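Structural overview for review
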Amino acid sequence: MGEIKVERAQHKRAVLEQLVNMSRSLGEPSREYVVLGEGNTSAKIDERTFFVKASGFSLSDITGRGFVEVYFEPVLEMLKFDRLTDDEIEQRLNEAKVDPSCPYRPSVETMFHALLLQLPGVNFVGHTHPISLNSILCSVRSKEVLSGHMFPEAIVCCGIAPVYVEYAEPGAELAKAIHKGVHEHIEVHGEPPKSILLENHGLIALGSTPKEVETITVMWDKIAKILLGACMLGGPRFLSDEQIRRIYTRPDEKYRQRLIFKRE
Ligand SMILES: [Zn+2]
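Nothing here was measured: the structure is a model prediction, and the numbers come from that model.

It is worth spelling out the overall build of the protein chain at this point. Scanning the protein chain from terminus to terminus reveals eleven helices and seven strands. In terms of overall dimensions, the protein chain is globule-like: its C-alpha atoms have a radius of gyration of 18 Å, near the 18 Å expected for 264 residues. Its C-alpha atoms put the protein chain at 60 × 40 × 40 Å along the principal axes. Out of the 264 residues belonging to the protein chain, those deemed buried represent 37%. Within the protein chain, contacts between residues at least 6 apart in sequence are counted, and of these 70% link residues at least 24 apart.

Shown next, in the form of structure tokens:
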């Protein structure tokens, strides 16, 4: 029994260390993915609990103190209500903490982190507001210009297609919209997405490892910069569905994907 406890404590420490490193990397100011306290990250510990960023901490210099361990069940329960007031949300999020004496409050986005960390193969989630991508997501043509893939690396790193979520208020409303988009994606493609694009808001990257979350985020920054250039030259030329599917299922691309996302 004691041995299991020690093993769990070691596992938790290892997960937290990976999450801190991933968060600091995503928060690195020169990358322009987030400023101030923007963005939030999370990691699954086991079937019952996960770490999520506490409100008010900056990703760039976050330490283990900036994360709260939360139970999945009470957070997922919150999504069954038609409407919760801000006070009710705050109270329920506080009650979901594994250590009630922890002085920090889980981020208001904890609900979508709980949903996404339940998907098969998702152990880490990184949510950022990259300037490059938000230049597009805040534009009137965002849905149209983000509806296709332009080059192979984007497919290999970011998945066959992103989920596009129209603007929803951060909190329960956004979590419900994400839930709907993710399940529609699973119905069409038979697997969970790797990327979620939030209109007028930002990006969510889903990974089995921290490396995967970082790679997806780096690649979306690149996609956004290329897309802005393509829009200046008459608009993006998308690959065909057939070309996309071929790249996505090619054995050498699968091999490349495994190398890119391998655990460190
Ligand atoms: Zn956000």
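Anyway, onward from the coordinates.
This part takes up the packing of helix 1 (residues 2-27) against helix 9 (residues 210-232). Running from N to C, helix 1 and helix 9 point in directions that differ by 15°, and their axes come no closer than 10 Å. Looking at the two axes, helix 1 sits roughly parallel to helix 9. The hand of the helix 1/helix 9 crossing is right-handed. Across the interface between the two elements, Gln18, Asn21, Met22, Ser25 and Leu26 from helix 1 touch Pro210, Val213, Glu214 and Thr217 from helix 9. Residue composition of the contact of helix 1 with helix 9, grouped by class: four nonpolar, four polar and one charged.

Turning our attention to unusual backbone geometry. Despite not being glycine, glutamate 32 shows a phi value in the positive range, around 60°. Topologically, glutamate 32 is positioned in the loop between helix 1 and strand 1 (40-44). According to the C-beta neighbour criterion, glutamate 32 is partly exposed, with 14 such atoms within 10 Å. Here asparagine 200, not a glycine, exhibits a phi torsion of approximately 55°, which is positive. Take asparagine 200: it is sitting in the loop between strand 6 (195-198) and strand 7 (202-207). Among the residues examined, asparagine 200 registers 12 C-beta atoms within 10 Å and is labelled exposed.

In this section: the environment of leucine 93. By secondary structure assignment, the location of leucine 93 is in helix 3 (residues 86-95). The spacing of leucine 93 and valine 75 is 18 residues in sequence and 6.8 Å in space, taken between C-alpha atoms. In contact with leucine 93, other than residues within four places in its own chain, are Arg105, Pro106 and Thr110.

Strand order in the open sheet formed by seven strands is 3-2-1-4-7-6-5, with mixed pairing between adjacent strands. Strand pairing shows two members of the sheet lacking a second neighbour, strand 3 (67-71) and strand 5 (163-165), which therefore form its edges. In this sheet, neighbouring strand axes are inclined to one another by 15° on average, regardless of whether the strands run parallel or antiparallel. Direction of pairing for strand 1 relative to strand 4 (residues 124-128): antiparallel, over a ladder of four bridges. Counterpart to asparagine 40 in the pairing with strand 4 is histidine 127. Helix 1 contacts strand 1, strand 2 (49-53), strand 3 and strand 4 of the sheet and is inclined by roughly 155° relative to strand 1. Helix-sheet contacts for helix 9 involve strand 4, strand 6 and strand 7, and the interaxial angle to strand 7 is about 145°.

Right, let's get into helix 9. The first and last C-alpha atoms of helix 9 sit 34 Å apart over 23 residues, in line with the 33 Å expected at 1.5 Å per residue. Along helix 9, the positions that sit buried rather than exposed are Pro210, Glu212, Val213, Glu214, Thr215, Ile216, Thr217, Met219, Trp220, Ile223, Ala224 and Leu227. Note on helix 9: the residue one or two positions beyond its end, glycine 234, has a positive phi of about 100°.

Right, let's get into the pairing of strand 1. Of all five residues that make up strand 1, five are buried, and the element is covered over most of its length. The side-chain alternation of strand 1 yields two buried faces, one formed by Asn40, Ser42 and Lys44 and the other by Thr41 and Ala43. Of the pairings in the sheet, the one linking strand 1 to strand 2 comprises three bridges and is antiparallel in character. Its bridge partner being in strand 2, serine 42 is matched across the sheet by valine 52. If you look at the hairpin formed by strand 1 and strand 2, you'll find four residues sitting between the two strands.

In this section: the nonpolar core. Core analysis: the largest hydrophobic core is formed by 60 residues, its most contacted members being Leu19, Phe50, Phe51, Val125, Ile178 and Trp220. In terms of residue count, the dominant contributor to this core is helix 9 (seven residues). Among residues more than four places away in sequence, those in contact with tryptophan 220 are Pro130, Leu133, Cys158, Ser195 and Leu203.

Cut-offs applied
- Residues numbered from 1 in each chain as written.
- Predicted model: local features only at pLDDT ≥ 70, side-chain atom pairs only at ≥ 80, totals over all residues.
- Helix = DSSP H or I, 4+ residues; strand = E, 2+ residues; numbered from the N terminus.
- Rg over C-alpha atoms; globule rule 2.2 N^0.38 Å.
- Buried ≥ 20, exposed ≤ 12 C-beta atoms within 10 Å, placed from the backbone.
- Contact = placed C-beta atoms within 7 Å.
- Axes fitted to C-alpha atoms, helices over the stretch in contact; angles between N-to-C directions.
- Parallel < 35°, antiparallel > 145°, perpendicular 65-115°, else oblique.
- Left-handed = near helix turned anticlockwise from the far one by under 90°.
- Nonpolar A, V, L, I, M, F, W, Y, C, P; charged D, E, K, R; others polar.
- Pairing = 2+ DSSP bridges.
- Expected span 1.5 Å × (residues − 1).
- Core = buried A, V, L, I, M, F, W, Y, C linked by C-beta atoms within 7 Å.

Don't take any of this as a statement about function, it's just geometry.
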